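Remarks on the overall topology
Given next are the chains, with one letter for each unit.
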Amino acid sequence: MLKLKGAGKIFSTPSGNTKALENVNLTVARGEFVSLVGPSGCGKTTVLNIIAGLEQASSGKVYKEGREIMGAGPDRIVMFQEPALFPWLKVVDNVEYGMKIAGVPKKERREKAMHYLKMVHLTRFASHFIHELSGGMRQRVALSRALAMDSDILLMDEPFAALDSQTRSILHTELQQIWCATKKTIIFVTHNVEEAVLLTDRVIVMAANPGRVKKEYRVYLARPRETEHAGLVRIVNQIMKELKEEVEKVARSEYDSGWTLKKSTFLLSPDSNVGGSI
Amino acid sequence: MWEGVFRTGLWPDYLFPSPLGVFHNAVEGFQDHSFIIATAASMKRVLLGYSISLAAGLSLGLLIVACRFLDETLSPLLLGLQTLPSICWLPLAILWFGIGEDSIIFVVAIGSVFSISMATLGGIKNVPPIYMRVARTMGAKGFKAYTSVVIPAALPTIITGMKQGWSFAWRALMAGELLSPKDGLGYILTLGRDLHDMNQVVGVMVIIIIIGLIIDKFVFGRVECSIRQRWGLNRA
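What comes next concerns the included structure. (Residues numbered from 1 in each chain as written. Chains lettered and ligands numbered in written order. Predicted model: local features only at pLDDT ≥ 70, side-chain atom pairs only at ≥ 80, totals over all residues.)

1. Overview of helix α2 (residues 91-102) of chain A
All names here are of chain A. Going by this rule: Neighbour density around each residue's C-beta defines its exposure: 20 or more other C-beta atoms within 10 Å make it buried, 12 or fewer make it exposed, and counts between make it partly exposed, where C-beta atoms are placed from the backbone. Under the scheme used here, helices are H or I runs from DSSP no shorter than 4 residues and strands are E runs no shorter than 2 residues, and both carry numbers assigned from the N terminus. Any residue pair is listed as a contact if its two C-beta atoms, each placed from the backbone, are within 7 Å.
Every buried residue of α2 is listed here: V91, V92, N94, V95, E96, Y97, G98 and M99. In this structure, the buried residues of α2 make contact with α3 (106-119) and α4 (135-148). Following α2 by one or two positions, G103 has its phi on the positive side, about 85°.

As structure tokens, then:
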């Protein structure tokens with residue numbers, strides 16, 4: 001079980017302090033698949049980094065299984081928005097990297113690496129170099145590298161944001177299958193509400209200025225889920241409505257209050273006669 | 001073309017030698033082994049000096065990165081020392097080591113050490129932070145993170161610095177061998193100059209260029225090419 005207790009984060013810059021997070025309380029049970037959504041700049045990634053131990057919370061504490069988290073560790077693997085694979089290593093060596101650091105014997109880690117490469121359907125490319133792969137393939141390698149560490153917590157920071165929609169939907173299916181098979185705790189950060197509802201069991205909506213948890217939605221839908229499913233669309237719309245307010249607020253503050261969201265319900269285009277020919 | 005310019009007779013042959021003359025001189029030099037002995041002596045010095053500067057430069061670079069205080073104090077100093085031509089070290093070298101082998105090797109080492117350590121420093125500082133973040137979450141710390149991520153990531157820049165260091169080492173060697181009492185390419189060069197034997201001077205220059213090309217092609221070129229291949233830098 002993972003627990004954030006009153007976590008806050010203040011970034012100090014020469015031009016003053018920014019309150020990125022304030023009093024974030026969050027409990028994630030073992031094996032849960034949770035997502036964090038929110039407008040840009042609401043501190044989703046900061047929450048993830050604090051859990052990962054890559055950043056230190058300015059206030060509050062983070063516990064894992066009752067023990068306080070101090071610094072990064074291989075029990076909480078992060079998958080970043082960019083693949084961040086090492087270009088000097090072959091695909092399979094990249095997947096093996098974490099195990100090599102952990103001191104797993106060569107034969108065992110090769111077997112394991114191939115196993116996880118198989119999970120993302122990339123065994124054919126095991127001895128290729130990173131630059132020889134496409135963007136989607138690289139992200140899949142990054143996924144198998146993260147899985148190969150066999151950590152109980154997987155932290156994903158908008159891992160599919162930079163991919164085209166076809167590749168992304170394939171990876172969505174794969175990730176759901178992998179989660180069902182491995183039963184890892186996954187915390188998934190995204191700005192895409194549909195993605196969040198599609199993948200996770202609990203969607204946590206965050207608000208900005210300062211970043212905090214606004215609302216939580218539980219998603220009770222059978223897997224594998226599909227984006228067209230009516231129940232899914234309904235939840236997405238609910239969350240979108242909640243988010244819209246937040247996004248508007250952020251936009252207003254960023255555009256110096258000269259910004260409003262248009263209230264019109266259908267598009268008024270000058271060359272449309274709206275059914276005038278009936 | 002060279003021969004053609006020579007044939008115009010614009011300059012006397014003690015100012016502008018002919019390629020044929022240079023060639024004959026080189027053949028003679030190789031036949032009486034004087035060129036071979038000189039090249040061997042020079043190679044020995046440059047390799048020894050370069051190895052020392054490689055070891056010192058790399059460890060200096062790594063040390064400076066590891067310690068912030070050193071970075072703030074030593075980095076500007078290194079930059080200043082790098083601009084200093086190696087021949088400036090000559091008087092000091094003579095005072096410290098006397099005229100002879102040691103002082104030449106010292107000048108070679110000091111001539112190339114700063115560019116190597118600057119490149120190491122710069123290469124490591126420019127490693128994308130995301131690699132370090134990955135390494136940290138994968139449980140790599142301290143020395144292990146250094147050897148498994150930082151150094152491989154910085155290697156392309158370090159190799160460039162080593163290459164630069166190699167050419168600096170040669171320049172320093174030529175300066176250093178001005179004090180050589182008996183052998184080395186720099187010695188023959190000076191001898192040729194003193195005897196107005198331009199054929200010999202140009203011959204030595206050609207030998208130095210050829211050695212440089214060979215080393216670049218077979219040592220640095222190979223390493224660089226394999227790194228570029230790995231990183232996918234050869235694809236325009």
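2. Side note on the packing of α2(A) against α4(A)
All names here are of chain A. Using the following cut-off: With axes taken as lines fitted to C-alpha atoms, and helix axes fitted only over the stretch in contact, angles between N-to-C directions fall between 0 and 180 degrees. To sort the angles, those under 35 degrees are grouped as roughly parallel, those over 145 as roughly antiparallel, those from 65 to 115 as roughly perpendicular, and the leftovers as oblique. Left-handed describes a crossing in which the near helix is turned anticlockwise from the far one by less than a right angle; the clockwise case is right-handed. Amino acids outside the nonpolar list (Ala, Val, Leu, Ile, Met, Phe, Trp, Tyr, Cys, Pro) and the charged list (Asp, Glu, Lys, Arg) are all regarded as polar, and Gly is one of them.
Contact geometry for α2 and α4: axes closest at 8 Å, N-to-C directions at 30°. Here α4 runs roughly parallel to α2, going by the angle between their axes. As α2 runs across α4, the sense of the crossing is right-handed. Facing V91, N94, V95, Y97, G98 and M99 of α2, the residues of α4 in contact are V141, S144, R145 and A148. Partitioning the contact of α2 with α4 into residue classes produces six nonpolar, three polar and one charged.

3. A few points about the packing of α2(A) against α3(A)
Residue and element names in this part refer to chain A. Relative orientation of the contacting elements α2 and α3 amounts to 125°, with a least axis distance of 9 Å. Taken together, the axes of α2 and α3 are oblique relative to one another. Classified by chirality, the crossing of α3 by α2 is right-handed. For the pair α2 and α3, contact is made by V92, V95, E96, M99 and K100 and by R109, R110, K112, A113, Y116 and L117, respectively. Here the residues of the contact of α2 with α3 sort into six nonpolar, no polar and five charged.

4. Observations regarding unusual backbone geometry
Residues and elements named next belong to chain A. Residue P210 is reached from N209 by a cis peptide bond, and omega for that bond is -10°. Inspection of the secondary structure assignment puts P210 in the loop between β9 (202-207) and β10 (212-218). With an omega of -5°, the peptide bond between R223 and P224 qualifies as cis. Turning to its location among the elements, P224 is positioned in the loop between β10 and α7 (230-254). A positive phi is found at D150, a non-glycine position, where the angle reads about 55°. Tracing the chain through its elements places D150 in the loop between α4 and β7 (153-157). Look at D150 and you get partly exposed, because 17 C-beta atoms sit within 10 Å. The backbone of E158 sits at a positive phi, close to 45°, despite the residue not being glycine. Within the element layout of this structure, E158 appears in the loop between β7 and α5 (165-182).

These figures capture arrangement, not role.
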